[in-house]
Amino acid sequence: MALLQVENICKSFPGVKALDNVSLVYEKGEVHAMVGENGAGKTTLMRVITGIYAQDEGSIYFEGEKVKFHTTRESQDKGIAIIHQELNMPVNLSIAEYMFLGRMPATRLGVVKRGEAEKKCAELLKAVEIERDPGTKISELTVAEQQLVEIARALSLNSKLIIMDEPTSALNKNETANLFKIIRSLRKQEVAIIYISHKMDEIFDITDRITVMRDGRVIDTKPTKDFTHKEIVVMMTGKDLGDDYFAKEGAAAPADRGQETPILSVRNISSAARNLKQVSFDLYKGEVLGIAGLLGAGRTELFKAIFGADRKTGGEILLNGAPVKINSTIDAVKAGIMLLPEDRKTEGLILQMSIQDNIIEPSLKAISKAGLVSRKKGKTLAQEYTARMRVKCTSEEQVVGNLSGGNQQKVVFAKWLAAHPKVLMLDDPTRGIDVGSKHEIYGLIRELANQGIGVIFVSSEMPELVGVCDRVLVMRDGEIVSEAVGAAINDNNLMMIATGT
């Protein structure tokens with residue numbers, strides 16, 4: 001008997017049919033991958049299964065019983081847990097308080113048995129290999145530790161099915177290996193895992209079966225060993241994308257640029273709060289400069305210091321050889337230095353606003369006269385860049401929060417491109433993005449460089465840096481420790497430098 005079976009599930013939103021007669025079977029003790037472009041319907045299906053959304057049509061069976069969940073609590077009670085890509089944990093609670101939120105052990109008089117809760121919590125943390133005191137605040141945990149706490153919480157619920165949505169998007173290589181060890185242990189205990197990811201190497205490593213979705217439909221399901229990487233990409237996108245990366249064109253190495261003035265020069269930038277130590281580098285017009293490093297190396301902190309989002313304690317910034325004062329993000333945008341942040345939802349977009357309002361926000365001065373914003377110009381600008389970025393939406397009036405993650409990222413790109421950047425800093429721009437959207441972003445990066453824009457590209461995936469960048473700086477402990485050009489830009493070399501081995 002199947003653990004979970006969905007039959008002919010349909011779900012529509014205004015102007016969009018998100019799920020179209022989806023039927024699938026999930027077995028006990030299997031790791032079942034769900035792959036597809038952003039907006040393919042994967043997350044919507046998971047939200048129907050867990051009671052976040054109600055299906056319009058179709059049926060769900062769990063352990064042979066027909067069910068219809070109206071809340072996540074109802075699905076949890078049956079043994080289904082979901083770990084969302086975008087973690088939203090109550091940071092002021094301790095690990096133990098969060099682990100047993102709403103179900104803390106208590107006496108008959110209602111007195112909480114804190115010691116018992118912390119003892120049980122410690123056992124669960126040990127199971128997922130977290131060396132933390134149960135009294136530690138959630139706010140003190142790394143993103144990787146938060147992911148593992150969510151898994152421990154799912155175990156505390158005696159879950160029979162755990163849905164993991166992009167679980168490794170913020171994990172490094174060692175943390176990912178630890179997660180896979182836990183997943184294999186859960187599989188032996190006959191816990192089923194639904195694994196949503198855009199990382200093909202992980203999918204082929206950890207999963208038993210793969211389901212490919214496109215436009216709300218199931219394209220195919222079969223054992224992982226029967227798929228090829230290219231076959232999955234073609235099924236996901238409906239086309240052959242060719243090479244993963246675009247050819248590097250026209251970007252000379254610094255040594256070959258003679259007396260050319262860098263478009264951006266960073267000199268001895270420091271930030272005590274962010275552990276940046278006198279970072280210096282040059283970026284040239286039309287260059288894609290990569291920055292490699294492990295989580296915590298200082299990559300994001302460097303971007304925020306340059307962008308004026310964090311206070312600098314020393315150093316200067318030059319644009320085309322002339323010093324510029326950047327004490328705020330407004331100063332940076334005025335200078336033409338723009339940042340696509342690591343966290344698009346909290347730092348890159350205003351989710352409650354429309355696509356149009358998000359796109360025109362940095363360009364309000366350009367479309368205003370006598371302090372009044374021209375809605376006509378705003379609409380034209382939004383339409384132009386929504387089309388250029390191929391944002392899948394009903395119209396530019398659609399609320400950004402209702403878009404898929406990949407399309408949200410395209411809106412962030414659109415708003416900065418509409419503001420005509422001279423320097424564009426991209427902080428992990430393909431995190432949680434499907435393979436088709438990644439391909440578009442790689443092409444866009446090369447297009448922008450060929451137009452003379454200076455691009456700085458941070459990525460947690462070494463193959464991206466190798467495939468996209470003309471030159472790569474490697475950071476470790478808040479410092480730039482090496483520069484790689486030409487043949488030195490390869491996975492092994494970058495990783496060895498980043499880890500100090």
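Let me sum up the structure you'll find in this document.

1. As for the nonpolar core
The tendency in soluble globular proteins is for nonpolar side chains to be buried as a group. Core analysis: the biggest nonpolar cluster contains 76 residues, and L264, F281, I337, V423, L424, M425 and I456 have the highest contact counts within it. Residue contacts for I456: discarding those within four places in its chain leaves L264, F281, L283, L289, I291, F303, V423, L424, M425 and L426. Counting 35 residues, the second-largest nonpolar core is a separate cluster that includes A96, M99, F180 and L186.

2. Concerning the packing of helix α14 (residues 405-418) against helix α15 (residues 435-450)
For the pair α14 and α15, interaxial distance at closest approach is 12 Å and the crossing angle is 15°. Here α15 runs roughly parallel to α14, going by the angle between their axes. In the crossing of α14 with α15, the sense of the turn from one axis to the other is left-handed. In this structure, α14 contributes K410, F413 and L417 to the contact, and α15 contributes S437, E440, I441, L444 and L448. Its residues assigned to classes, the contact of α14 with α15 shows 5 nonpolar, 1 polar and 2 charged.

3. Observations regarding the environment of I138
Checked against the element boundaries, I138 lands in the loop between α4 (114-127) and α5 (143-156). Under the relative-accessibility criterion, I138 is labelled buried at 0%. Sequence separation of I138 and A96 is 42 residues, and the distance between their C-alpha atoms is 9.5 Å. Among all residues touching I138, those that are not within four sequence positions of it are M89, P90, V91, L93, S94, I95, Y98 and Q146.

4. Section: the environment of T224
Structurally, T224 can be placed in the loop between β10 (217-223) and α8 (229-237). Residue T224 is classed as buried on the basis of its relative accessible area, which comes to 5%. For the pair formed by T224 and T207, sequence separation is 17 residues and the distance between their alpha carbons is 6.6 Å.

5. Focus on the sheet that holds strand β4 (residues 57-62)
Backbone hydrogen bonds hold the strands of a sheet together, and the pairing may be parallel or antiparallel. The antiparallel open sheet is built from 4 strands, whose spatial order is β2-β1-β4-β5. Sheet topology places β2 (16-26) and β5 (65-67) at the edges, where each strand pairs with a single neighbour. Strand-to-strand twist of the sheet, defined as the mean angle between neighbouring strand axes without regard to direction, takes the value 30°. As paired elements, β4 and β5 share 3 bridges and run antiparallel to each other. Bridged to I60 within β5 is V67. The sheet contacts of helix α1 (residues 42-49) involve β1 (4-13), β2 and β4, and relative to β2 the element is tilted by about 65°.

6. Quick look at α8
Buried within α8 are the following residues: I232, V233, M235, M236 and T237. Of the surrounding elements, those touching the buried residues of α8 are β3 (31-35), α7 (200-206), β9 (209-214), β10 and α15. Note on α8: the residue one or two positions beyond its end, G238, has a positive phi of about 80°.

Here is what the cut-offs are and how they apply
- Residues numbered from 1 in each chain as written.
- Predicted model: local features only at pLDDT ≥ 70, side-chain atom pairs only at ≥ 80, totals over all residues.
- Heavy atoms only, no water.
- Core = buried A, V, L, I, M, F, W, Y, C linked by side-chain atoms within 4.5 Å.
- Buried < 20%, exposed > 50% of the residue type's maximum accessible area, 1.4 Å probe, protein only.
- Contact = heavy atoms within 4.5 Å.
- Axes fitted to C-alpha atoms, helices over the stretch in contact; angles between N-to-C directions.
- Helix = DSSP H or I, 4+ residues; strand = E, 2+ residues; numbered from the N terminus.
- Parallel < 35°, antiparallel > 145°, perpendicular 65-115°, else oblique.
- Left-handed = near helix turned anticlockwise from the far one by under 90°.
- Nonpolar A, V, L, I, M, F, W, Y, C, P; charged D, E, K, R; others polar.
- Pairing = 2+ DSSP bridges.

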